[in-house]
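Structural features, examined
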Amino acid sequence: MSDRKFVIADVFTEKRFGGNQLAVFTDGTGLDSQTMQTIAREMHFSETTFLLPPEQGGDYKVRIFTPEQELPFAGHPVVGTAHVIVAERMKELSEPVTTVTLETGVGPLSVEVNAQAGRAGHTVMNQLLPVVKGTLHDVAAMAKALSISAAEIERTGLPIEIIYNGLTMMVVPVASRATIEKIKVDASALERISNDAGAQTVLTFTRETVNPSSSVHCRVFAPAAGVIEDAATGSANGAFSSYLIRHRVVDVQPVTTILSEQGFEMNRPSLLHLEVKVDTATNEVKGVRVGGGVVIAGRGEIILS
């Protein structure tokens, strides 16, 4: 096996060393699953991606790994990988938008990379429509796993919901940012709750934000996927957008725009731009797009030979 080059991208940020780190291996051909998993564990970012020749008419097939497991789909890896493909000229850049189709474990996904003056910029992915899978009724167990009072969840008047959009996640409402900031995760307990619900990630949120322009403030935990806390989670935020619409947490419009802030407690501030198409007569979500800035932060090589 030859050595393999990678690009590091910071995703859902306009500033280098913010957002969520992603390692993109631009040529994964010839690597077996075990080697990819070993490399992802070595990189130790929340996700690492490997690009392969397309099999379904897309631009590239992408495989996505956390340090512990392969995922069929994830948000910041899809957004960041498409951006790298255009920024590294692995697909010819066209202005104002270059569309990249990535073949994932949940099917082909279309990603739009905005381009100006020959440079890749703001990148937006289209996601599968979220589907509600159920409600978690044991608020006390969730609160204990987060080391907060159950009252801090209950006084929001909102449910803990389980939602699927290619991955399964849970939304946990919290009354205040002060409470969100002091969460200390019992990883074993939260992993048990997640596994019982069939969920990979747990998104906690409050309407109290750091930036006045933001709609919500989030922290996301994924011990079931080998990631204690994630700095920016495009998949979970995409599913979360439907929760905000359904429960009228935000002002609902035919095209509802939501700015979600995440990663602030990790010193990796991230801003995720959510765009939701809504049938306002039925309050039904008809389309979800998740995007943000991406910055190339580094390049390197893993030695395999």
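Note that the structure is predicted; figures quoted are calculated from it, not measured.

1. Remarks on the packing of helix α3 (residues 139-146) against helix α6 (residues 187-197)
Closest axis-to-axis distance for the α3/α6 pair is 8 Å, and the angle between their directions is 145 degrees. Between α3 and α6 lies a crossing whose hand is left-handed. Residues A141, M142, A145 and L146 of α3 lie in contact with α6, whose contacting residues are A189, L190 and I193. Considered class by class, the residues forming the contact of α3 with α6 number 7 nonpolar, no polar and no charged.

2. Side note on empty space enclosed by the protein
Tallied over the full model, the rule gives 1 cavity of 30 Å³ or more. The computed volume of the largest cavity comes to approximately 120 Å³. Lining the largest cavity are 19 residues, with E47, L71, T201, D230 and T233 sitting closest to its centre. When residues of the lining of the largest cavity are traced back to their parent elements, those giving at least two are α2 (75-87), β13 (216-222), β14 (227-230) and α7 (234-246). Top contributing element to the lining of the largest cavity by residue count: α2, with 3 residues. Grouping the amino acids of the lining of the largest cavity by side-chain chemistry returns 9 nonpolar, 8 polar and 2 charged.

3. As for unusual backbone geometry
Glycine aside, the phi torsion of most residues is negative, and most peptide linkages are trans. Along the chain, E95 connects to P96 via a cis peptide bond; the corresponding omega equals 5 degrees. Looking at the element boundaries, P96 is found in the loop between α2 and β6 (97-104). Phi at F17 takes a positive value of approximately 75 degrees, unusual for a residue other than glycine. Note on placement: F17 falls in the loop between β1 (4-11) and β2 (20-25). Take F17: its relative accessible area is 57%, and that puts it in the exposed class.

4. What about the side chain of T13?
Residue position: T13 is located in the loop between β1 and β2. Discounting chain neighbours no more than four positions away, the residues touching T13 are G18, G19, P269, G293, V294 and V295.

5. Quick look at α3
For α3, every residue scored as buried is listed here: V139, M142, A143, A145 and L146. What you see down the axis of α3 is that its buried residues fit within an arc of 160 degrees, all on one side. Following α3 by one or two positions, S147 adopts a phi angle in the positive range, close to 60 degrees.

6. Notes on the pairing of strand β17 (residues 284-292)
By the criterion of burial, β17 is predominantly enclosed, with 7 of the 9 residues buried. For strand β8 (residues 119-127) and β17, the ladder comprises 5 bridges, and the chain directions are antiparallel. Each bridged residue has a counterpart across the sheet, and for M125 the counterpart in β17 is V290. Strand direction decides the pairing type here: strand β16 (residues 270-279) and β17, joined by 7 bridges, are antiparallel. Across the sheet, the residue bridging to D279 is E284, located in β17.

7. Remarks on the layout of surface pockets
A volume near 310 Å³ is recorded for the largest pocket. Lining the largest pocket we find 16 residues, and of these H83, R119, A120, V294 and I296 sit closest to its centre. Sorting the residues of the lining of the largest pocket by element identifies α2, β8 and β18 (294-302) as the ones contributing at least two each. When the residues that make up the lining of the largest pocket are grouped by side-chain class, the tally is 5 nonpolar, 5 polar and 6 charged.

8. Some words on the packing of aromatic side chains
In total, this model carries 6 aromatic pairs according to the counting rule given. Relative to F240, the ring of F205 lies with its centre 4.8 Å away and its plane at 50 degrees, an arrangement referred to as tilted. Taken together, the positions of F205 in strand β12 (residues 201-206) and F240 in helix α7 put the pair 35 residues apart, joining distant regions of the chain. Aromatic side chains F240 and Y243 sit 6.3 Å apart centroid to centroid with 35 degrees between the ring planes, which places their arrangement in the tilted category. With a gap of 3 residues between them, F240 and Y243 both fall in helix α7, about one helical turn apart. Across the pair, exposure class does not vary: F240 and Y243 are buried alike. Following the ring pairs from residue to residue traces out a cluster consisting of F6, F25, F50 and F65.

So, how was this worked out
- Residues numbered from 1 in each chain as written.
- Predicted model: local features only at pLDDT ≥ 70, side-chain atom pairs only at ≥ 80, totals over all residues.
- Heavy atoms only, no water.
- Axes fitted to C-alpha atoms, helices over the stretch in contact; angles between N-to-C directions.
- Helix = DSSP H or I, 4+ residues; strand = E, 2+ residues; numbered from the N terminus.
- Left-handed = near helix turned anticlockwise from the far one by under 90°.
- Contact = heavy atoms within 4.5 Å.
- Nonpolar A, V, L, I, M, F, W, Y, C, P; charged D, E, K, R; others polar.
- 1 Å grid on protein atoms, 1.4 Å probe; cavity = no way out; pocket = protein on both sides within 12 Å on 5 of 7 lines; lining within 4 Å.
- Points joined across faces, edges and corners; volume = space filled by probe spheres on them.
- Buried < 20%, exposed > 50% of the residue type's maximum accessible area, 1.4 Å probe, protein only.
- Arc of directions from axis to C-beta.
- Pairing = 2+ DSSP bridges.
- Phe/Tyr/Trp six-rings, centres within 6.5 Å; stacked < 30°, edge-to-face > 60°.

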